[in-house]
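Summary of structural features
Below, each chain spelled out in residue letters.
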Amino acid sequence: EYAYGMAGDISRFTSLLTNQIYGADRQFATYQAYSITETDTDNWWQFNHYGGAMFDLKNLIDNAVAAKQPHYAGIGKILMAYGLMTATDLVGDIPYSNAFQGLDNLTPTYDSQEAIYDSIQSLLAQGKTLLVDPTFAVTEPGSEDLVYGGDLAQWDKFANVLSARAYLHLGKKDPSKYANVLTALGTEGV
């Protein structure tokens, strides 16, 4: 779902709006004219990203914690941070702190983009800690991990890169964040 959302809807909308591609026919001609409505983004928001992949990641994290599988929980938190960063970079304030409750809360409040970025760094730090947690790791990630094939060192590096990227995104607002970029990358590099 993330792959489709990122390579599909998100890349099409952002490429059209920045004039990297031209919308010549059907719905893309409408987007080219900046005539985008809320329902045009529903596919990405409701089914692929927020209501799809991120909701599934919340379930993965909860189930991994309950089953005492820290490595899976760590991967889930790192991917959740990635999803949050993508969503907040595209639309600003988004629901997170009381989101992903299904029918129990259909109108979660929106967290500020600043709070989302704090959550991103927290999720990345937690995820990295869980990746090296030997406690109760009965099952190790393997071939079902379609990104890194269960290579936890690669997930750690990915978390470092996401953390550095998050600091870069905040640099214009708070130039002191730039100092954190190289630290976030860690000594193992990228």
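If you're wondering where the values come from, they're calculated on a predicted model, not measured in any experiment.

So, how was this worked out
Residues numbered from 1 in each chain as written. Predicted model: local features only at pLDDT ≥ 70, side-chain atom pairs only at ≥ 80, totals over all residues. Heavy atoms only, no water. Helix = DSSP H or I, 4+ residues; strand = E, 2+ residues; numbered from the N terminus. Expected span 1.5 Å × (residues − 1). Buried < 20%, exposed > 50% of the residue type's maximum accessible area, 1.4 Å probe, protein only. Axes fitted to C-alpha atoms, helices over the stretch in contact; angles between N-to-C directions. Parallel < 35°, antiparallel > 145°, perpendicular 65-115°, else oblique. Left-handed = near helix turned anticlockwise from the far one by under 90°. Contact = heavy atoms within 4.5 Å. Nonpolar A, V, L, I, M, F, W, Y, C, P; charged D, E, K, R; others polar. Core = buried A, V, L, I, M, F, W, Y, C linked by side-chain atoms within 4.5 Å.

This next bit is on helix 4 (residues 70–91). Given a rise of 1.5 Å per residue, 22 residues ought to cover 32 Å, and the 31 Å separating the end C-alpha atoms of helix 4 matches this to within 8%. Burial within helix 4 is extensive, with 18 of its 22 residues counted as buried. Looking at the residues trailing helix 4, positive phi occurs at Gly 92, about 90°.

With that out of the way, let us pick up the packing of helix 1 (residues 2–17) against helix 4. Closest axis-to-axis distance for the helix 1/helix 4 pair is 13 Å, and the angle between their directions is 15°. As the angle between them shows, helix 1 and helix 4 are arranged roughly parallel. Two packed elements cross with a definite hand, and for helix 1 against helix 4 that hand is left-handed. Contacts between helix 1 and helix 4 involve Tyr 2, Met 6, Ile 10 and Thr 14 from the former and Leu 79, Met 80, Tyr 82, Gly 83, Thr 86 and Leu 90 from the latter. Tallied by class, the residues present in the contact of helix 1 with helix 4 amount to seven nonpolar, three polar and no charged.

Counting 33 residues, the largest nonpolar core has Tyr 50, Ile 78, Met 80, Leu 84, Tyr 96 and Ile 120 as the members making the most contacts within it. Of all the elements in the fold, those that place two or more residues in this core are helix 1, helix 3 (42–66), helix 4, helix 5 (113–131) and helix 6 (152–170). If one sorts the elements of this core by residue count, helix 4 sits on top with eight residues. If we ignore the near neighbours within four places in the chain, the residues touching Tyr 96 are Tyr 50, Met 80, Leu 84, Thr 109, Asp 111, Ile 116, Ser 119 and Leu 123. Formed by five residues, the second largest nonpolar core is a distinct cluster that contains Ala 164, Tyr 167, Val 181 and Ala 184.

Tracing the backbone through its elements, the reader meets Phe 13 in helix 1. Residue class for Phe 13 comes out buried when judged on its relative accessible area of 12%. Spatially, the C-alpha atom of Phe 13 lies 43 Å from that of Phe 136, the residues being 123 residues apart in sequence. Contact partners of Phe 13, with chain neighbours within four places excluded, come to Tyr 31, Ile 36, Asp 40 and Thr 41.

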